[in-house]
Amino acid sequence: MPGVWKFLSEEGRAEIEAAVAAAAEGAGREIVEIAFGEEGGTPALTVFLWKKEGISLDDCEEVHGKVSDALDALERLFPRDYILNVSSSGLDRPVVTDDDFRRSEGTVLEVVDGKAKCHGTLVAYDSETFTLELEGKRAGKQVFDRSANIKVQPYITF
């Protein structure tokens with residue numbers, strides 16, 4: 001946890017994360033990450049959201065209001081002002097956790113291994129591997145080791 005959040009205990013952090021998750025999920029969105037950082041020396045709490053249809057500005061505004069209300073109830077944990085940001089998790093966010101893979105099932109992912117790249121549809125995953133259905137020259141299913149030194153991210157086409 002960054003230095004500006006030194007006033008917050010682990011129990012306080014867990015309480016904040018639980019309140020934020022409940023507020024966001026109550027609004028029909030899923031929390032991807034809650035980041036404790038700083039902006040210009042002021043503590044900043046950033047909530048990253050996901051939903052299958054994508055996150056809109058209206059989604060961010062609605063969740064911001066619900067999260068702000070939930071955090072107001074925990075005012076005792078904040079001895080100083082803080083900044084609350086609510087954002088989409090982003091199109092190019094790396095796929096790392098089981099939840100990331102769950103959210104990405106059926107979508108096209110790109111795997112970058114050093115200078116080599118490939119992309120395909122995520123058809124399966126478990127705690128150790130994931131499987132892409134590749135097209136083109138390398139057509140067919142390919143299994144990748146999740147512990148390998150590779151980068152996995154959504155494949156974005158324009």
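Computed from a prediction, not measured in an experiment: that's the story for all the values here. (Residues numbered from 1 in each chain as written. Predicted model: local features only at pLDDT ≥ 70, side-chain atom pairs only at ≥ 80, totals over all residues. Heavy atoms only, no water.)

(A) Broad picture of the environment of Val152. You can see Val152 is positioned in strand S8 (residues 151-154). Taking the C-alpha atoms as reference points, Val152 and Asp98, separated by 54 residues in sequence, lie 13 Å from one another. Beyond its immediate sequence surroundings of up to four residues, Val152 is in contact with Pro94, Val95, Leu109, Glu110, Val111 and Phe130. (Helix = DSSP H or I, 4+ residues; strand = E, 2+ residues; numbered from the N terminus. Contact = heavy atoms within 4.5 Å.)

(B) Representation of the environment of Lys6 within the structure. Its place among the elements puts Lys6 in the segment before helix H1 (10-26). Between the C-alpha atom of Lys6 and that of Arg76, which follows or precedes it by 70 residues, the distance is 15 Å.

(C) Representation of the layout of surface pockets. Of the voids in this model, the largest pocket is the one considered here, and its volume is about 460 Å³. Around the largest pocket, the lining comprises 21 residues; the ones closest to its centre are Trp50, Ser89, Gly90, Leu91 and Pro154. Contributing elements (two or more residues each) for the lining of the largest pocket: strand S2 (42-50), helix H3 (98-104) and strand S4 (108-113). Of the residues that constitute the lining of the largest pocket, the class distribution is 10 nonpolar, 6 polar and 5 charged. (1 Å grid on protein atoms, 1.4 Å probe; cavity = no way out; pocket = protein on both sides within 12 Å on 5 of 7 lines; lining within 4 Å. Points joined across faces, edges and corners; volume = space filled by probe spheres on them. Nonpolar A, V, L, I, M, F, W, Y, C, P; charged D, E, K, R; others polar.)

(D) Quick look at the nonpolar core. Within the largest apolar cluster, 24 residues are counted, with the highest numbers of intra-cluster contacts made by Ile16, Val20, Ile31, Leu45 and Leu71. Of all the secondary structure elements, the ones that give two or more residues to this core are H1, strand S1 (30-39), S2, helix H2 (57-72) and strand S3 (83-88). The leading source of residues in this core is H1, at 6 residues. Beyond its immediate stretch of four places on either side in the chain, Ile31 contacts Val20, Ala21, Ala24, Val47, Phe48, Leu49 and Arg103. Listed in part, the 11 residues of the second largest apolar core include Val95, Cys118, Leu122 and Phe130. (Core = buried A, V, L, I, M, F, W, Y, C linked by side-chain atoms within 4.5 Å. Buried < 20%, exposed > 50% of the residue type's maximum accessible area, 1.4 Å probe, protein only.)

(E) Seen up close, the pattern of salt bridges. Taken as a whole and assessed by the stated rule, the structure comprises 11 salt bridges. Across the pair Glu15 and Arg76 runs a salt bridge, and its minimum N-O distance is 2.4 Å. Placement of the pair is Glu15 in helix H1 and Arg76 in the loop between H2 and S3, with a sequence separation of 61 residues. A relative accessible area of 59% means that Arg76 is categorised as exposed. (Salt bridge = Lys/Arg side-chain N within 4 Å of Asp/Glu carboxyl O.)

(F) Quick peek at the pairing of S4. The sheet contact formed by S4 and strand S5 (residues 116-125) spans 6 bridges and is antiparallel. Within S5, the residue paired with Asp113 across the bridge is Ala116. Here S4 folds back onto S5 in antiparallel fashion, the turn holding 2 residues, of which Gly114 has a positive phi close to 65 degrees. Two strands pair when backbone bridges link them, and S4 and S8 are joined in this way by 4 bridges, in the antiparallel orientation. Counterpart to Val112 in the pairing with S8 is Lys151. (Pairing = 2+ DSSP bridges.)

(G) Just the sheet that holds S4, in detail. Spatial strand order, S7-S6-S5-S4-S8: 5 strands in an open sheet with antiparallel pairing. At either margin of the open sheet sits one strand with a lone partner, and together these are strand S7 (140-145) and S8. The mean angle between the axes of side-by-side strands here comes to 45 degrees, regardless of whether they run parallel or antiparallel. Relative to S7, strand S6 (residues 129-134) runs antiparallel, the two sharing 6 bridges. Note on S7: the bridge partner recorded for Phe130 is Phe144. (Axes fitted to C-alpha atoms, helices over the stretch in contact; angles between N-to-C directions.)

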